[in-house]
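Remarks on the overall topology
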Amino acid sequence: GAVVSQHPSRVICKSGTSVKIECRSLDFQATTMFWYRQFPKQSLMLMATSNEGSKATYEQGVEKDKFLINHASLTLSTLTVTSAHPEDSSFYICSARAGEKGYTFGSGTRLTVV
Amino acid sequence: QKEVEQNSGPLSVPEGAIASLNCTYSDRGSQSFFWYRQYSGKSPELIMSIYSNGDKEDGRFTAQLNKASQYVSLLIRDSQPSDSATYLCAVGGGSNYKLTFGKGTLLTVNP
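Our subject in this report is the structure included herewith. Numbering of residues starts from 1 in every chain and runs along the sequence as written. As they are written, the chains are lettered A onward and the ligands numbered 1 onward, keeping that order. In keeping with the model being predicted, local features are shown solely for residues with a pLDDT of at least 70 and side-chain atom pairs are shown and tallied solely at 80 or more, while totals for entire chains, interfaces and linings include all residues. In computing side-chain properties, one takes all heavy atoms of the structure into account and sets aside hydrogens as well as water.

**A short note on the interface of chain B and chain A**
Counted only if it meets this: By the convention used here, residues are in contact when the closest approach between their heavy atoms is within 4.5 Å. Using a 1.4 Å probe, buried area is obtained as the accessible area two parts lose upon being combined, added over both of them. Whenever a carboxyl oxygen of Asp or Glu lies within 4 Å of a side-chain nitrogen of Lys or Arg, that contact is scored as a salt bridge. Residue polarity is assigned by list, with Asp, Glu, Lys and Arg as charged and Ala, Val, Leu, Ile, Met, Phe, Trp, Tyr, Cys and Pro as nonpolar; anything else, Gly included, falls into the polar class.
With 16 residues of chain B at the contact, the number on the chain A side is 18 residues. Of the roughly 1,400 Å² buried between chain B and chain A, counting both surfaces, carbon and sulfur atoms make up 58%. Three residues, Tyr97, Lys98 and Phe101 of chain B, lead the burial of chain B against chain A; their summed loss comes to 35% of the area buried on that side. In this structure, the connection of chain B to chain A is made through one salt bridge. Notably, a salt bridge pairs Lys98 of chain B with Glu59 of chain A, separated by 2.6 Å at the nearest N-O pair. Its residues assigned to classes, the side of chain B that touches chain A shows eight nonpolar, five polar and three charged.

Right under this line is the structure:
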């Protein structure tokens, strides 16, 4: 139980284009999802907290106009990287709090911007 | 700013030995503590969670929490080569449920 499905697992896009990453909670309702970014050999850095039906809360230094987050339902949150550039290349991971089961993570999306 | 510190390693142990991983945190208001295992290129998977002082055992894994010392550890008994991974310490607290992660300790178990 408490599974989060994340897609795509890997994406390569051209500089200047936008990429959408989806995270779905399959067997529970996720009122809150967390979006992380991880650079090679670095830890997970929280980018934003996504709340169902309301605006996301962004961490300091994260551009909300560049990283658009939508959490329109209790089972789906999306992160759109707009006008992507090579420095946005990273591993993006979503996570949701599944009650007493703690936090569960999606499988991650490897974004490469060329 | 909340901080979680881990020894980055690498920590190398022989197969069958005990691996000891340590973590300290700065926020005394922290309420929940987690150990995650992350294989290269994969997302973290939960190993242990602990919420109160003392030890918590699950199979070969034992988590230890000392809130007074702001210290949490993970012991892995009978280490196996498949345990080779990066271990992330994560600390949470407050109503926003945010987690703060350490940089992780790379563990290598040698056959």
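**Section: the pattern of salt bridges**
Heads up, the condition is: Here's how the labels work: a residue is buried when its accessible area is under 20% of the maximum for its type, exposed when over 50%, partly exposed in between, all with a 1.4 Å probe on protein chains only.
Taken as a whole, this structure holds seven salt bridges over all chains when the rule is applied. A salt bridge links Arg24 of chain A to Glu22 of chain A; its shortest N-O distance comes to 3.8 Å. The exposure class assigned to Arg24 of chain A is partly exposed, which follows from its relative accessible area of 37%. When salt bridges with common partners are traced through the structure, they connect Arg37, Glu45, Arg60 and Asp83 of chain B into a single cluster.

Distances and angles like these do not, on their own, reveal function.
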